[in-house]
Amino acid sequence: EYLTVFLNTKYGIADVKRRARISINQSNVSASELQKVEIPILNMPIQSKIKKLFDDSFNFRINSIKLYKQAEEILLKELNLKYHKPEHKLSYNAKLSEVLNSKRIDADYYQPKYKEIEQKIKNYHLGSKPLSEVIKVKNKNFFPEDDKKYDYFELSNISSYGYIIGCTKDLGKNLPSRARRKVRKGDVIISSIEGSLESCALITDEYDGALCSTGFFVINSKTINSETLLVLVKSIIMQNLLKRGCKGTILTAISKDELDKIEIPLIKDSIQKDISQKINESYKLRRESKELLKKAKKMVEEEIGKNASK
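Residues numbered from 1 in each chain as written. Predicted model: local features only at pLDDT ≥ 70, side-chain atom pairs only at ≥ 80, totals over all residues. Heavy atoms only, no water.

A.B. asks: Would you mind going over the overall build of the chain with me for this structure?
C.D. replies: Of the regular secondary structure elements, the chain holds eleven helices and 14 strands. Taking the principal axes of the C-alpha coordinates as reference, the chain spans close to 80 × 45 × 40 Å. The buried share among the 310 residues of the chain stands at 44%. Considering only contacts in the chain between residues 6 or more positions apart, those separated by 24 or more positions represent 75%. Carbon and sulfur atoms make up 51% of the accessible area of the chain, which amounts to about 17,800 Å² in all. The positive charge centre, built from 57 side chains, and the negative charge centre, built from 41, are 1 Å apart in the chain. (Helix = DSSP H or I, 4+ residues; strand = E, 2+ residues; numbered from the N terminus. Buried < 20%, exposed > 50% of the residue type's maximum accessible area, 1.4 Å probe, protein only. Contact = heavy atoms within 4.5 Å. Areas by Shrake-Rupley, 256 points an atom, 1.4 Å probe, with all protein chains shown as cover. Lys, Arg positive; Asp, Glu negative; His and termini not counted. Charge placed at Lys NZ, Arg CZ, Asp CG, Glu CD.)

A.B. asks: Is there a simple way to explain the state of the cysteines in this structure?
C.D. replies: Working definition: the covalent bond between the sulfur atoms of two cysteines is a disulfide. Under the criterion given, the structure shown has zero disulfides. With no disulfide of its own, cysteine 167 lies closest to cysteine 212 among cysteine sulfurs, the gap being 12 Å. (Disulfide = S-S within 2.5 Å.)

A.B. asks: What am I meant to see in the pattern of salt bridges here?
C.D. replies: Close approach of charged atoms allows side chains of opposite charge to pair. Counted under the stated rule, the structure contains 21 salt bridges. We note a salt bridge from lysine 52 to aspartate 56, for which the minimum N-O separation is 2.6 Å. Taken together, the residues lysine 52 and aspartate 56, both in helix 4 (residues 44-78) and four residues apart, mark about one turn of the helix. Overall, the relative accessible area of 52% leaves lysine 52 in the exposed class. A relative accessible area of 25% means that aspartate 56 is categorised as partly exposed. Here lysine 185 ties to aspartate 205 by a salt bridge, and the two come within 3.2 Å at their closest N and O atoms. (Salt bridge = Lys/Arg side-chain N within 4 Å of Asp/Glu carboxyl O.)

A.B. asks: Looking at this structure, how should I read the nonpolar core?
C.D. replies: A general feature of soluble globular proteins is that nonpolar side chains tend to end up buried together. Core analysis: the largest hydrophobic core is formed by 41 residues, its most contacted members being Ile219, Leu242, Ile254, Leu259, Ile262, Ile264 and Ile279. When residues of this core are assigned to their parent elements, the largest contribution, five residues, is made by helix 8 (residues 226-234). Core analysis: the next-biggest nonpolar cluster, separate from the first, contains 13 residues, Ile50, Leu53, Leu292 and Val300 among them. (Core = buried A, V, L, I, M, F, W, Y, C linked by side-chain atoms within 4.5 Å.)

A.B. asks: Where do I start with the pairing of strand 8 (residues 188-191) in this structure?
C.D. replies: Looking along a regular strand, one sees the side chains alternate between the two faces of the sheet. Here strand 8 shows a buried face lined by Val188 and Ile190 and a second buried face lined by Ile189 and Ser191. Summarising the sheet, strand 8 and strand 9 (residues 200-202) pair through three bridges and their orientation is antiparallel. Across the sheet, residue valine 188 finds its bridge partner in strand 9, namely leucine 202. Relative to strand 11 (residues 216-220), strand 8 is paired through four bridges, and the arrangement is antiparallel. Counted as the bridge partner of serine 191 is phenylalanine 216 from strand 11. (Pairing = 2+ DSSP bridges.)

Put into structure tokens, the structure is as follows:
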């Protein structure tokens, strides 16, 4: 635990980075170079305190994930899809009328599993509507000011459980041209790129007013609360429908037109409330986990600083 924390402090990161060998496209640290990293041996009482902070942080993170999974289970159970496993079939057919209506000639679009999921959503006892009637997609470009600093995040900054795990902080003039979506607290972002469709996140206070890549759809709804919307778009049902909507050659992605067609269940208010509570608790534990790790790193850095000054 102490070793892990040290390697994430400014001292550990700097020592690893200085040993990196830079090639054309990336820099790497070899195993032999990594073995040369100097590890300060702090006394055991300090290491024990670091271990306690690390273990508490880890447990908070595990419980955060459990709460997220509980929220997802509530949603799938409500939609009668908890035990539904979409089956990919090798052979099937489609009617000419379907092809003409959808204007899609790619075979995967007509996989029976997509129809099954869509039909289950339509059978939901409170009904469903196309996404365009339930959810607002914010697709207006924002142009950052050259000399103003912004938080900016991309696909690589999104965790598997809907958290933003980091961002670039830089002046508008230094940001890439794809930094054109401004997000607000309560928005949900969805990746439009096939292969990373699961990269969805809820925008919290910390990233209110931040910028994200145009590779995301920024959405919100007056009918479905933000936490439920996050769980819905990350669920297996929505992920399959997003995948069906993807098209292209070099870069396969889902367009806004295809996104707008996706059927969205009008989820019961009491269910939304339960999901919202679970997700908020999950995010709270995640924040506390992050703070404990920061505290552990600070303790290590202060101890190293004290010993260096002696």
